[in-house]
Amino acid sequence: MMKYDYKELELSDNTSTGMILRQVTPGSTVLEFGCAAGRMTKYMKEKLGCSVYIVEYSEEGYRAASAYAVDGVCGDIMDFHWMQAFGDVKFDFLVFADVLEHLRDPQQVLTKARALLKEEGAVLCSIPNAGHGDILLNLYENRFRYSTVGLLDQTHIHLFAYQEIEPMMSRAGYKITNEEAVFMISEL
């Protein structure tokens, strides 16, 4: 089983996947970056009737997600092979669901991807917040522990706080028109 092969697709109002998928218009043409095994890909194809193209690093994930994709590229997003593969396609949506933090240069990817977006198209992304209370509390206790998944996933090579997202998007040529956040509330 691959690292990001979650069996259930969380569509509630307080999940990043639910927030992203609610914004995808049925029948759209979508380029999904980092689709893992294709949970969102399958939903967009089967429930929303979208034409979904994928870019996935893991060969295992790519094989699984390909069953729901029109076409795809298996490889590193930063190699930009997807630019040639999909250069003739114009997308309604570019989806980066918890992906940008894994990239060496997320702003460069966002900038180049604009060429594939329709004029009225949109980028939908979720980005973990390094200013999250769990990280801050651990720093207060002088701890900074990477984990296999989550906010401090050991494959995250960029950490973002809220105030850094808008400038990065702006430099890449985008204007943020909708912001939502996932809040975790626990009872003591």
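Residues numbered from 1 in each chain as written. Predicted model: local features only at pLDDT ≥ 70, side-chain atom pairs only at ≥ 80, totals over all residues. Heavy atoms only, no water.

Engineer: Help me understand the overall build of the chain in this model?
Structural biologist: A tally of helices and strands in the chain yields seven helices and five strands. Reading the helices (α) and strands (β) of the chain from amino to carboxyl end gives α-β-α-β-α-β-α-β-α-β-α-α. Burial status across the chain gives 39% buried among its 188 residues. In the chain, once contacts between residues fewer than 6 apart in sequence are set aside, the share between residues at least 24 apart is 62%. Accessible surface, the chain as shown: approximately 11000 Å² in total, 50% of it carbon and sulfur. (Helix = DSSP H or I, 4+ residues; strand = E, 2+ residues; numbered from the N terminus. Buried < 20%, exposed > 50% of the residue type's maximum accessible area, 1.4 Å probe, protein only. Contact = heavy atoms within 4.5 Å. Areas by Shrake-Rupley, 256 points an atom, 1.4 Å probe, with all protein chains shown as cover.)

Engineer: Looking at this model, I keep getting lost on the environment of Val95. Mind explaining?
Structural biologist: Note that Val95 resides in strand β4 (residues 91–97). By relative accessible area, which is 0% here, Val95 ends up buried. Sequence-wise, Val95 and Ile20 are 75 residues apart; in three dimensions their C-alpha atoms are separated by 8.1 Å. Setting aside its immediate chain neighbours within four residues, Val95 contacts Ile20, Val30, Leu31, Glu32, Phe33, Met40 and Leu124.

Engineer: Hey, could you run me through the pairing of strand β2 (residues 51–56) in this one?
Structural biologist: Each regular strand carries side chains that alternate between the two faces of the sheet. β2 sits mainly inside the fold: five of its six residues count as buried. Where strand β1 (residues 29–33) lies against β2, five bridges are found, and the strand directions are parallel. Bridge assignment links Glu32 to a residue of β2, and that residue is Ile54. Viewed along the sheet, the connection from β1 through helix α2 (residues 39–46) into β2 turns out right-handed. Across four bridges, the pairing between β2 and strand β3 (residues 71–74) is parallel. Of the residues in β3, the one forming a bridge with Ile54 is Gly72. Crossover handedness for the path β2 to helix α3 (residues 59–65) to β3: right-handed. (Pairing = 2+ DSSP bridges. Right-handed = clockwise from strand over helix to strand, strands pointing away.)

Engineer: Help me understand the sheet that holds β3, please; the structure alone is not making it clear to me.
Structural biologist: To summarise the sheet geometry, strands pair through backbone hydrogen bonds and adopt either a parallel or an antiparallel arrangement. Spatial strand order, β3-β2-β1-β4-β5: five strands in an open sheet with parallel pairing. Each having just a single partner strand, β3 and β5 (117–126) make up the two edges of the open sheet. This sheet shows a mean twist of 15 degrees between the axes of neighbouring strands, independent of strand direction. Looking at chain direction, β1 and β4 are connected through four bridges and run parallel. Bridged to Glu32 within β4 is Val95. (Axes fitted to C-alpha atoms, helices over the stretch in contact; angles between N-to-C directions.)

Engineer: Please explain the pattern of salt bridges as it appears in this structure.
Structural biologist: A side chain with one charge may pair with a side chain of the opposite charge, provided their charged atoms come close. Evaluated as defined, the whole model comprises three salt bridges. The partner of Arg22 in a salt bridge is Glu180, with the nearest N and O atoms 3.4 Å apart. Of this pair, Arg22 sits in the loop between α1 (16–21) and β1 while Glu180 sits in the segment after α7 (162–171), placing them 158 residues apart in sequence. On the accessibility criterion, Glu180 (42% relative accessible area) is partly exposed. The residue Lys118 makes a salt bridge to Asp92 at a minimum N-O spacing of 3.0 Å. Note that Lys118 is positioned in strand β5 and Asp92 in strand β4, a separation of 26 residues in sequence. (Salt bridge = Lys/Arg side-chain N within 4 Å of Asp/Glu carboxyl O.)

Engineer: Explain the environment of Ala113 here, please?
Structural biologist: Structurally, the position occupied by Ala113 is in helix α5 (residues 106–113). Through-space distance from the C-alpha of Ala113 to that of Gly87 is 9.8 Å; in sequence the pair is 26 residues apart.

Engineer: Would you take a moment to explain the nonpolar core for this structure?
Structural biologist: One recurring pattern in soluble globular proteins: nonpolar side chains tend to sit buried together. Among the nonpolar cores identified, the biggest contains 30 residues, and Leu31, Trp82 and Leu94 are the most heavily contacted of them. Elements with a contribution of two residues or more to this core: β1, β2, β4, α5, β5 and α7. (Core = buried A, V, L, I, M, F, W, Y, C linked by side-chain atoms within 4.5 Å.)

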